[in-house]
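Architecture at a glance
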Protein chains: 2
Amino acid sequence: MKLILASESPRRKELLKQIGMEFEVMSCGGEAPVTVTLPYQIVEEHAMQKAKAVAGKIMEPAIIIGADTVVALKDCILEKPKNKAEAKEMLQKLQGNTHEVYTGVVIIKRYEDGTQKQVKFHECTKVTFYKMSAQEIEDYVNTGEPMDKAGSYGIQGIGAKYVKEIVGDYNNVVGLPVARLYQELKEK
Amino acid sequence: MKLILASESPRRKELLKQIGMEFEVMSCGGEAPVTVTLPYQIVEEHAMQKAKAVAGKIMEPAIIIGADTVVALKDCILEKPKNKAEAKEMLQKLQGNTHEVYTGVVIIKRYEDGTQKQVKFHECTKVTFYKMSAQEIEDYVNTGEPMDKAGSYGIQGIGAKYVKEIVGDYNNVVGLPVARLYQELKEK
């Protein structure tokens, strides 16, 4: 069956390509406010919205993948920063600390006869940062890299300088746990 | 001071570029047999040989970085496979198991007056593989990716499909723990 990624994220596309998947991209926005509050619930719910938005528009058999990522530090959920000041604030919280990155994934299989099967899961990765000085935070924000990323850093970019260790799936932090996704897609 | 990477590894070059470092590459071979036996000793010793081989050839102030990576599973050290059969054998051992990846790094600072300062360290990352079928191992080896890599897999490539989780620095598995390296280079 045709694979459709319900996300415009260049990093998610890159990861699927990396493991040799063939897929199309079709995004219908679809991220609406949620009433759930735990990080894993939020990302699974957003992933479901994205996958459903695409599933509702297609008429052919296909496998649709929706995904959403957030960074969680204690009780705070860190999404993408609105501006440089917010990016600095987030990095100030993350430096010298351990936080969690949650990616929720929803797979919708749409069969020939219109019936659907859904699989929902999330992965959580712990990420520990080295300490960062105010100057290092300033310099990093000025590279522009933090601006379109949940938690204001890119582990696959310059941000790697400050990541001391992780526990869990690295690609989950980048935005898509491709190993778990591959395993789930293998299941009939 | 000028930074010199004493390694031809495309992955190590890529990682230094990723974190925005400017450097030159100068490799003098230099990996000779060692008498030490523990994985961390082997990689530190090989890293030292590579860094010293370059340091012995230059006359100007510079910082030279040598590095070496091996995969260790229980008492086995897995280096690069010699052929497809060996690659399959290694993957058969790694699948469904947890192994360790060691990268040793040596930094030699050569000052104007010819004096040197050396820093030696290693990082260890635990990597857990999903189970792989004989067919999956066969297919993966046929992509060619395993052939130039310690342990016969590339975590930054198609190999990502089979990596369940890691504990430690991801880039250490790719071949250079750039975060720790950056921290060490900051020290005077």
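In this report, we go over the structure that sits alongside the text. (Residues numbered from 1 in each chain as written. Chains lettered and ligands numbered in written order. Predicted model: local features only at pLDDT ≥ 70, side-chain atom pairs only at ≥ 80, totals over all residues. Heavy atoms only, no water.)

**Thoughts on the overall build of chain A**
Of the regular secondary structure elements, chain A holds six helices and seven strands. Starting at the N terminus and ending at the C terminus, chain A contains elements arranged as β-α-β-α-β-β-α-β-β-α-β-α-α. Relative to the compact-globule value of 16 Å for 188 residues, chain A shows a C-alpha radius of gyration of 17 Å, a close match. The dimensions of chain A, computed from C-alpha atoms along their principal axes, are 60 × 35 × 25 Å. Looking at chain A residue by residue over its 188 residues, the buried ones come to 53%. Relative to all contacts within chain A whose residues are 6 or more apart in sequence, the contacts with residues 24 or more apart total 67%. Measuring between centres, the 26 positive side-chain charges of chain A sit 0 Å from its 26 negative side-chain charges. (Helix = DSSP H or I, 4+ residues; strand = E, 2+ residues; numbered from the N terminus. Rg over C-alpha atoms; globule rule 2.2 N^0.38 Å. Buried < 20%, exposed > 50% of the residue type's maximum accessible area, 1.4 Å probe, protein only. Contact = heavy atoms within 4.5 Å. Lys, Arg positive; Asp, Glu negative; His and termini not counted. Charge placed at Lys NZ, Arg CZ, Asp CG, Glu CD.)

**Comments concerning the relation of the copies chain B and chain A**
Overlaying chain B with chain A gives an RMSD of 0.0 Å, the required rotation being 180° about an axis along which the chain moves by 0.0 Å. What the rotation and shift describe, once combined, is the action of a two-fold rotation axis. The position closest to the rotation axis in chain B is occupied by the C-alpha of Val167(B), lying 2.2 Å away. A symmetric contact is evident, with 100% of the interface residues of chain B recurring at the interface of chain A. (Least-squares fit on C-alpha atoms with pLDDT ≥ 70 in both.)

**Quick look at the pattern of salt bridges**
Taken as a whole, this structure holds 24 salt bridges over all chains when the rule is applied. Notably, a salt bridge pairs Lys149(B) with Asp148(B), separated by 2.9 Å at the nearest N-O pair. Given the relative accessible area of 36%, Asp148(B) is considered partly exposed. Among the ionic pairs, Arg180(B) bridges to Glu184(B), the shortest N-O distance being 2.8 Å. A residue pair is termed a helical-turn pair when its members lie 3 or 4 positions apart in one helix, as Arg180(B) and Glu184(B) do in helix 6 (residues 178-186) at four residues. It is possible to trace a salt-bridge network through shared partners that takes in Lys2(A), Glu24(A) and Glu60(A). (Salt bridge = Lys/Arg side-chain N within 4 Å of Asp/Glu carboxyl O.)

**Digging into helix 1 (residues 10-18) of chain A**
Residue and element names in this part refer to chain A. Along helix 1, the residues classified as buried are Arg 11, Arg 12, Leu 15 and Leu 16. Take helix 1 and look down its axis: the buried residues cluster within an arc of 135°, on one side only. Exposed side of helix 1, more than 90 degrees from the buried face: Pro 10 and Lys 17 are the residues found there. Buried residues along helix 1 sit against strand 1 (2-5), helix 2 (39-55), strand 3 (62-73), helix 5 (170-174) and helix 6 (178-186). Where helix 1 terminates, the next one or two residues include Gly 20, which has phi positive at roughly 85°. (Arc of directions from axis to C-beta.)

**Description of the nonpolar core**
A general trend in soluble globular proteins is that nonpolar side chains are found buried together. Counting residues in hydrophobic clusters, the biggest one holds 82 residues, and the most contacted among them are Phe129(A), Tyr153(A), Leu181(A), Phe129(B), Tyr153(B) and Leu181(B). When residues no more than four places from it in sequence are discounted, the contact partners of Tyr153(A) are Val71(A), Leu91(A), Leu94(A), His99(A), Val101(A), Val127(A), Phe129(A), Tyr140(A), Pro146(A) and Val173(A). (Core = buried A, V, L, I, M, F, W, Y, C linked by side-chain atoms within 4.5 Å.)

**Observations regarding the packing of helix 3 (residues 84-94) of chain B against helix 4 (residues 134-142) of chain B**
Residue and element names in this part refer to chain B. Across the interface, helix 3 lies against helix 4 with an axial gap of 10 Å and an inter-helix angle of 135°. One element, helix 3, and the other, helix 4, form an angle in the oblique class. Like other packed secondary-structure pairs, helix 3 and helix 4 cross with a definite hand, here right-handed. Along the contact surface, helix 3 presents Lys 84, Ala 87, Lys 88, Leu 91 and Gln 92, while helix 4 presents Ile 137, Glu 138, Tyr 140, Val 141 and Asn 142. Among the residues making up the contact of helix 3 with helix 4, the classes are represented as five nonpolar, two polar and three charged. (Axes fitted to C-alpha atoms, helices over the stretch in contact; angles between N-to-C directions. Parallel < 35°, antiparallel > 145°, perpendicular 65-115°, else oblique. Left-handed = near helix turned anticlockwise from the far one by under 90°. Nonpolar A, V, L, I, M, F, W, Y, C, P; charged D, E, K, R; others polar.)

**As for the environment of Ala62(A)**
Residues and elements named next belong to chain A. Along the polypeptide, Ala 62 turns up in strand 3. For Ala 62, a relative accessible area of 0% puts it in the buried group. In this view, Ala 62 contacts Met 1, Lys 2, Ile 4, Ile 108, Lys 109 and Arg 110; residues no more than four positions away in its chain are not counted.

**Things to note about the pairing of strand 3 of chain A**
All names here are of chain A. With 12 of 12 residues buried, strand 3 is to be regarded as a mostly interior element. On strand 3, burial covers both faces: Ala 62, Ile 64, Gly 66, Asp 68, Val 70 and Ala 72 on one face and Ile 63, Ile 65, Ala 67, Thr 69, Val 71 and Leu 73 on the other are all buried. As paired elements, strand 1 and strand 3 share four bridges and run parallel to each other. Among the inter-strand pairings, Leu 5 is bridged to a residue of strand 3, identified as Ile 65. Taken together, the 11 bridges between strand 3 and strand 5 (residues 98-110) define a ladder with antiparallel strand orientation. (Pairing = 2+ DSSP bridges.)

**Observations regarding the side chain of Glu44(A)**
Mapped onto the elements, Glu44(A) comes out in helix 2. Excluding residues within four positions of it along the chain, Glu44(A) makes contact with Gly104(A), Val106(A), Lys120(A), Phe121(A) and His122(A).

**A few points about the packing of aromatic side chains**
In the structure shown here, the tally under the stated rule is seven aromatic pairs over all chains. Judged by centre distance (6.4 Å) and plane angle (55°), the ring pair of Tyr140(A) and Tyr162(A) falls under tilted. Of this pair, Tyr140(A) sits in helix 4 (residues 134-142) while Tyr162(A) sits in the loop between helix 4 and strand 7 (163-168), and the two are 22 residues apart along the sequence. The rings of Tyr140(A), Tyr162(A) and Tyr182(B) are connected pair by pair, giving a single aromatic cluster. (Phe/Tyr/Trp six-rings, centres within 6.5 Å; stacked < 30°, edge-to-face > 60°.)

Keep in mind these numbers describe shape, not what the thing actually does.
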